[in-house]
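# Results of the structural survey
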Amino acid sequence: MSLDQADPAALPAAGPATRKTGRTARGGAGRRGHNRRAGRWWTPWLFLAPALLLFLYFKFIPMVSALTMSFQDVQPYLGNKWVGTENYATVLQSAGFREAAWHTIVLAVGQTAGSMALGLALALLMEGQGRRLGFVRSAAFLPVVVPIAVVAELWRIMYHPTSDGMLNSLLGLVGFGPSGFINDPDSSMASIMLTGIWRGAPYDMMIFLAGLTSVDRGLYEAAKVDGASRRQRVWHVTVPGLRSVFSILFILAAIRGLRVFTEVFLLTNGGPDGSTEVVMTLIYKLGLEQNRLGVGAAGAVLLFIATLVLTVVVHLLRRRESK
């Protein structure tokens, strides 16, 4: 008689010792697997260690040093003197700081609104899967990858204030006189804002394109059946569907606007007559040009606090809307 045909009653029953041995074997294998996984918990941190060390040395340690310097009268090679909140009082009571803060807010609001509006318009125009759109998207995204120094120099050339300048030549074709652009206090802020919008809109466009893929296409069909125009479909379907994208881009664009420095420094350096002075250029001048490092560090800390407060407020508003 084969084993398959044997009477089950005749087979020896698994006793307690056999069951205990099986459980012990399985438990031992599980513990060994757990121990092997637990022993490799440091593997991800090993790969992250080089980047974390660079962040620690070039970012976090300087941040702590700047916070300490903001309470000191920094005297290189002579020793620092503790002055408490005197540097903060100097910054906040400075008329130049108040003007720079106002210019920063105006520039941040203008660049944020302009880049998001233009980015959404470009995203709606380039939405689709056509092969030709790939090249167009890449060409539109080029301002983001071009170094800001190159962008500033290109716009400086286009903003040449004479009548034969590039933009002034175009204005002459439609009957407008030459403009001073960055050389005129009345138009310098708008000129820098235009440069920032031109450079920031393609980045917003790519984020909007990614967000448009999550909008339900059935809503467009339903709205079209109900007789909604294209503008109504965009306003009542697309914009609500991109609400989370708008909040993320608002935070990124607002931080980018509050920390604007390179384009202002390269195009106008805060001029003419301080009409484009922003907080970052003022901090640079106080800290490095006038050698008032403590006052400059205090201004940097205040700018960091303003950015942090803005980010937290927007995050809380997002959480309240999602409930």
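Conventions we followed
Residues numbered from 1 in each chain as written. Predicted model: local features only at pLDDT ≥ 70, side-chain atom pairs only at ≥ 80, totals over all residues. Heavy atoms only, no water. Helix = DSSP H or I, 4+ residues; strand = E, 2+ residues; numbered from the N terminus. Buried < 20%, exposed > 50% of the residue type's maximum accessible area, 1.4 Å probe, protein only. Contact = heavy atoms within 4.5 Å. Areas by Shrake-Rupley, 256 points an atom, 1.4 Å probe, with all protein chains shown as cover. Salt bridge = Lys/Arg side-chain N within 4 Å of Asp/Glu carboxyl O. pLDDT = per-residue confidence, 0-100. Phe/Tyr/Trp six-rings, centres within 6.5 Å; stacked < 30°, edge-to-face > 60°. Core = buried A, V, L, I, M, F, W, Y, C linked by side-chain atoms within 4.5 Å. Axes fitted to C-alpha atoms, helices over the stretch in contact; angles between N-to-C directions. Parallel < 35°, antiparallel > 145°, perpendicular 65-115°, else oblique. Left-handed = near helix turned anticlockwise from the far one by under 90°. Nonpolar A, V, L, I, M, F, W, Y, C, P; charged D, E, K, R; others polar.

Across its full length, the protein carries 14 helices and two strands. Taking all 323 residues of the protein together, the buried fraction comes to 32%. Across the protein, contacts joining residues at least 24 apart in sequence account for 65% of those joining residues at least 6 apart. In the form shown here, the protein has an accessible surface area of approximately 20800 Å², with 66% of it arising from carbon and sulfur atoms.

What follows is about the side chain of Thr 238. By secondary structure assignment, the location of Thr 238 is in helix H10 (residues 230-241). Setting aside its immediate chain neighbours within four residues, Thr 238 contacts Leu 124, Leu 212, Tyr 220 and Arg 233.

Further remarks concern the pattern of salt bridges. For the coordinates displayed, the defined rule picks out two salt bridges. Across the pair Arg 156 and Glu 153 runs a salt bridge, and its minimum N-O distance is 3.8 Å. A residue pair is termed a helical-turn pair when its members lie 3 or 4 positions apart in one helix, as Arg 156 and Glu 153 do in helix H6 (residues 148-158) at three residues. Assessed through its relative accessible area of 34%, Arg 156 is described here as partly exposed. Exposure remark for Glu 153: the relative accessible area of 42% places this residue in the partly exposed category.

Below, the discussion takes up the confidence of the model for the protein. Confidence in the prediction for the protein averages 80 pLDDT; 85% of positions are at 70 or higher. Across the protein, element-level confidence peaks in helix H2 (residues 43-69) with a mean pLDDT of 90 and bottoms out in helix H1 (residues 16-39) with 51.

This part takes up the packing of aromatic side chains. In the structure shown here, the tally under the stated rule is eleven aromatic pairs. Ring geometry for Trp 155 and Tyr 159: centres 5.3 Å apart, planes at 45°, overall tilted. The class of Tyr 159 is buried, set by a relative accessible area of 1%. Aromatic ring contacts, followed pair by pair, group Trp 155, Tyr 159, Phe 181 and Trp 198 into a single cluster.

This part is about the side chain of Ser 191. Examined against the element boundaries, Ser 191 turns out to sit in helix H8 (residues 188-212). Note on Ser 191: relative accessible area 5%, which makes it buried. Those residues in contact with Ser 191, other than ones at most four positions away along the chain, are Tyr 159, Phe 181 and Ile 182.

Turning our eyes to something else, we now look at the environment of Ala 201. As for its position among the elements, Ala 201 is in helix H8. For the pair Ala 201 and Pro 143, spaced 58 residues apart in the sequence, the C-alpha separation amounts to 8.9 Å. With residues near it in sequence (within four places) discarded, Ala 201 still touches Ser 115, Leu 118 and Gly 119.

The next thing to look at is the nonpolar core. Leu 107, Trp 155, Tyr 159, Leu 167 and Val 264 are the most contacted members of the largest nonpolar core, which totals 18 residues. Broken down by secondary-structure element, the contributors of at least two residues to this core are H6, H8 and helix H12 (262-267). For this core, the element with the most residues is H6, which contributes five residues. For Val 264, the residues in contact, after removing those within four places along its chain, are Leu 107, Ile 192, Asn 269, Gly 270, Thr 276, Val 278 and Thr 281.

Our focus in this paragraph is the environment of Thr 281. Within the secondary structure, Thr 281 is located in helix H13 (residues 279-289). Judged by relative accessible area, which is 1%, Thr 281 ranks as buried. Once residues within four sequence positions are removed from consideration, Thr 281 is found in contact with Phe 261, Val 264 and Phe 265.

A pair of packed helices is characterised by two quantities: the angle between their axes and the separation of those axes. Between helix H4 (residues 95-126) and H8, the shortest axis-to-axis distance is 6 Å and the interhelical angle comes to 45°. Classed by the angle they form, the pair H4 and H8 counts as oblique. Judged by the twist between their axes, the crossing of H4 over H8 is right-handed. Looking at the contact of H4 with H8, its residues break down into 18 nonpolar, eight polar and one charged.

Put simply, H4 and helix H11 (residues 243-258) touch, their axes get as near as 8 Å, and they point 140° apart. Between H4 and H11, the crossing angle belongs to the class labelled oblique. Relative to H11, the crossing made by H4 is right-handed. For the pair H4 and H11, the contacting residues are Thr 104, Ala 108, Gln 111, Thr 112, Ser 115, Met 116 and Leu 120 in the first and Phe 246, Leu 249, Phe 250, Ala 253, Ala 254, Arg 256, Gly 257 and Leu 258 in the second.

Take unusual backbone geometry next. In this structure, Pro 272 follows Gly 271 across a cis peptide bond, with omega equal to -10°. Summarising the element assignment, Pro 272 is placed in the loop between H12 and H13. Positive phi outside glycine occurs at Phe 181, with the angle close to 50°. Following the sequence through the fold, Phe 181 ends up in the loop between helix H7 (166-173) and H8. When its relative accessible area of 11% is taken as the criterion, Phe 181 is described as buried. Its identity is not glycine, yet Asn 269 carries a phi of approximately 55°, on the positive side.

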